[in-house]
Amino acid sequence: MKVLVTGAAGNVGRYVTEELLKMNEHAVAAGTNVEKLQSMFGGEVETVYIDLTDPSTFQKALEGVDRVFLMRPPHLGKPEDLFPFIDEMKNSGIRLVSFLSLMGVEKNTIPPHHKIEKYIESAGIPHAHIRPGFFMQNLSGIHAAEIRDLDQVFVPAGKSRTSFIDAEDIGLAAAVILHNHKNYQYTAHTITGPEALTYYEIAAILTRVTGRNITYKKPGFLTYRHYYINVRGLDKAYVNVTVALYFMTRLGTAKAVTADFTELTGRKARTFEDFARKHIGCFNKVQ
Ligand SMILES: NC(=O)c1ccc[n+]([C@@H]2O[C@H](COP(=O)([O-])OP(=O)(O)OC[C@H]3O[C@@H](n4cnc5c(N)ncnc54)[C@H](OP(=O)(O)O)[C@@H]3O)[C@@H](O)[C@H]2O)c1
């Protein structure tokens, strides 16, 4: 039987797919951009079109599938957006869905992940929620421009700590769960990196790794919001969500360090320093 990987072109889904293949699983990489998936994975992986907001695409994507890695595309802000696909998984007798959730949502009802978890549970589908901390890829992705161009970590997180995790590690943990699905029915896993770092410490690591003086000046919410909307030109709704997340971070919601990753995989989670060295190209100045 096959494992459907939604968001297979994304930060986490690409690694879930790769790790499943290493375990000799029949992974099916899914998304709305099949051409991109084919060029990412070559002929090695079966690909399928799925639009999580279009029920007419669900049946074909679930053909021959008994396990699903489910990711909520970040722009789908309403939890209800994912309910029709969850109903379809229930009807097709899925044996395990591993939903990419968010650290702390068991106690925090505001992020959409909370209601999505509850809906999966009430549907009675065997599930294993994955609740990761902040991704290291936020720094090599959305926040890399200021690190490269301004030598600054530009995040409104105050002096708070974050137990960053590499999306590659999340992908491995998800693949272990899906591969050994009988052992993980009706479970939840809070997966974090090995240490909780302040953004001052992140800047110090980036200084060491790049050889440039990278600083963290603790920008306020208004400065960050203005810069990201008016200078970077990012979508206002998206920027507002990130402001809310950094507000929560300042309250200490992102700092827990857990042993779940090691318990699942038998490995140590990657440090931010190792991650920064591996992805140095994202932080170096463009010549
Ligand atoms: N960043 C963090 O620190 C963090 C921490 C914890 C949890 N999370 C959660 O992780 C999730 C995002 O995971 P990610 O970073 O791996 O994703 P991502 O890199 O943002 O990728 C999103 C994926 O969604 C697919 N997609 C977009 N619209 C779609 C649609 N209508 N139907 C089906 N697929 C669609 C895209 O592929 P196509 O172009 O092929 O459609 C893309 O692969 C979010 O729910 C976020 O809240 C993030």
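Now for a quick tour of the structure. (Residues numbered from 1 in each chain as written. Predicted model: local features only at pLDDT ≥ 70, side-chain atom pairs only at ≥ 80, totals over all residues. Heavy atoms only, no water.)

A word on the overall build of the protein
(1) Moving on: Secondary structure summary: the protein contains 14 helices and nine strands in total.
(2) Moving on: Expected size for 287 residues packed as a compact globule is a radius of gyration near 19 Å; at 19 Å, the protein falls within 12% of this value.
(3) Moving on: For the protein, the C-alpha atoms occupy an extent of roughly 55 × 35 × 35 Å along the three principal directions.
(4) Moving on: Taken across its 287 residues, the protein has 54% of its residues classed as buried.
(5) Moving on: Sequence-distant contacts, at least 24 apart, represent 75% of the contacts inside the protein between residues at least 6 apart.
(6) Moving on: Total accessible area on the protein is roughly 13,000 Å²; 51% of this is exposed by carbon and sulfur atoms.
(7) Moving on: Between the mean site of the 33 positive side-chain charges and the mean site of the 30 negative ones, the protein shows a separation of 7 Å. (Helix = DSSP H or I, 4+ residues; strand = E, 2+ residues; numbered from the N terminus. Rg over C-alpha atoms; globule rule 2.2 N^0.38 Å. Buried < 20%, exposed > 50% of the residue type's maximum accessible area, 1.4 Å probe, protein only. Contact = heavy atoms within 4.5 Å. Areas by Shrake-Rupley, 256 points an atom, 1.4 Å probe, with all protein chains shown as cover. Lys, Arg positive; Asp, Glu negative; His and termini not counted. Charge placed at Lys NZ, Arg CZ, Asp CG, Glu CD.)

Digging into the pairing of strand 1 (residues 2-5)
(1) Moving on: Burial of strand 1 is two-sided: the residues Lys2 and Leu4 facing one way and the residues Val3 and Val5 facing the other way are all buried.
(2) Moving on: Summarising the sheet, strand 1 and strand 2 (residues 26-31) pair through four bridges and their orientation is parallel. Its bridge partner being in strand 2, Val5 is matched across the sheet by Ala29.
(3) Moving on: This β-α-β element, strand 1 to helix 1 (residues 13-22) to strand 2, shows right-handed connectivity. (Pairing = 2+ DSSP bridges. Right-handed = clockwise from strand over helix to strand, strands pointing away.)

Observations regarding helix 9 (residues 199-210)
(1) Moving on: Taking 1.5 Å of rise per residue, the 12 residues of helix 9 would be expected to cover 16 Å, and the 16 Å separating its terminal C-alpha atoms lies within 8% of that figure.
(2) Moving on: The distance from a side-chain oxygen at the start of helix 9 to the backbone nitrogen of Tyr200 is 3.3 Å, and the residue carrying that oxygen is Thr198.
(3) Moving on: Downstream of helix 9 by a residue or two, Gly211 has a phi angle that is positive, lying close to 75°. (Expected span 1.5 Å × (residues − 1). Polar contact = N/O pair within 3.5 Å; in protein donor to acceptor, adjacent residues only side chain to side chain.)

Side note on the site of the ligand
(1) Moving on: Taken together, 25 residues form the shell around the ligand, and within it Asn11, Thr32, Arg72, His113 and Phe135 come nearest.
(2) Moving on: Leu52 places a polar main-chain atom, nitrogen or oxygen, 2.9 Å from a nitrogen atom of the ligand.
(3) Moving on: Between Arg72 and the ligand, the recorded distance is 2.8 Å, taken from a backbone N or O atom to an oxygen atom.
(4) Moving on: Here the ligand has 930 Å² of accessible area as a free molecule, and 83% of this is covered by the chains.
(5) Moving on: The residue inventory of the shell around the ligand, partitioned by class, reads 12 nonpolar, 11 polar and two charged. (Near = heavy atom within 4 Å. Nonpolar A, V, L, I, M, F, W, Y, C, P; charged D, E, K, R; others polar.)

Some details on the pattern of salt bridges
Side chains that carry opposite charge are capable of pairing whenever their charged atoms lie near each other.
(1) Moving on: Evaluation of the coordinates by the stated rule reveals 19 salt bridges.
(2) Moving on: For Arg131, the salt bridge goes to Glu117, with nearest N and O atoms at 2.8 Å. Linking Arg131 in strand 6 (residues 128-132) with Glu117 in helix 5 (residues 112-123), this pair joins segments that are 14 residues apart in sequence. The pair formed by Arg131 and Glu117 is uniform in burial state, with each residue classed as buried.
(3) Moving on: Because the salt bridges share partners, they merge into one network encompassing Asp166, Glu168, Asp169, Arg270 and Lys278. (Salt bridge = Lys/Arg side-chain N within 4 Å of Asp/Glu carboxyl O.)

Observations concerning helix 1
(1) Moving on: Buried within helix 1 are the following residues: Gly13, Tyr15, Val16, Thr17, Glu19 and Leu20.
(2) Moving on: The secondary structure elements touched by the buried residues of helix 1 are strand 1, strand 2, helix 2 (34-41), strand 4 (65-71), helix 6 (137-140) and helix 8 (167-179).
(3) Moving on: Positive phi shows up at Asn24, right after helix 1, with a value of about 60°.

Concerning the nonpolar core
(1) Moving on: Among the nonpolar cores identified, the biggest contains 35 residues, and Val12, Val16, Leu20, Phe69 and Leu100 are the most heavily contacted of them.
(2) Moving on: Element by element, the count of residues in this core is highest for helix 8, at nine residues.
(3) Moving on: With residues up to four places along the chain from it excluded, the contact list for Phe69 reads Leu4, Val5, Thr6, Val12, Gly13, Val16, Ser98, Leu100, Ala174 and Leu178.
(4) Moving on: Membership of the second largest hydrophobic core comes to 29 residues, among which are Tyr199, Leu206, Val243 and Ala254. (Core = buried A, V, L, I, M, F, W, Y, C linked by side-chain atoms within 4.5 Å.)

A short note on unusual backbone geometry
(1) Moving on: Even without glycine at this site, Asn24 takes up a positive phi of about 60°.
(2) Moving on: Residue placement: Asn24 occurs in the loop between helix 1 and strand 2.
(3) Moving on: Its relative accessible area of 72% is what places Asn24 among the exposed residues.
(4) Moving on: Unlike most non-glycine residues, Lys218 shows phi in positive territory, near 55°.
(5) Moving on: In this structure, Lys218 sits in the loop between helix 9 and helix 10 (221-231).

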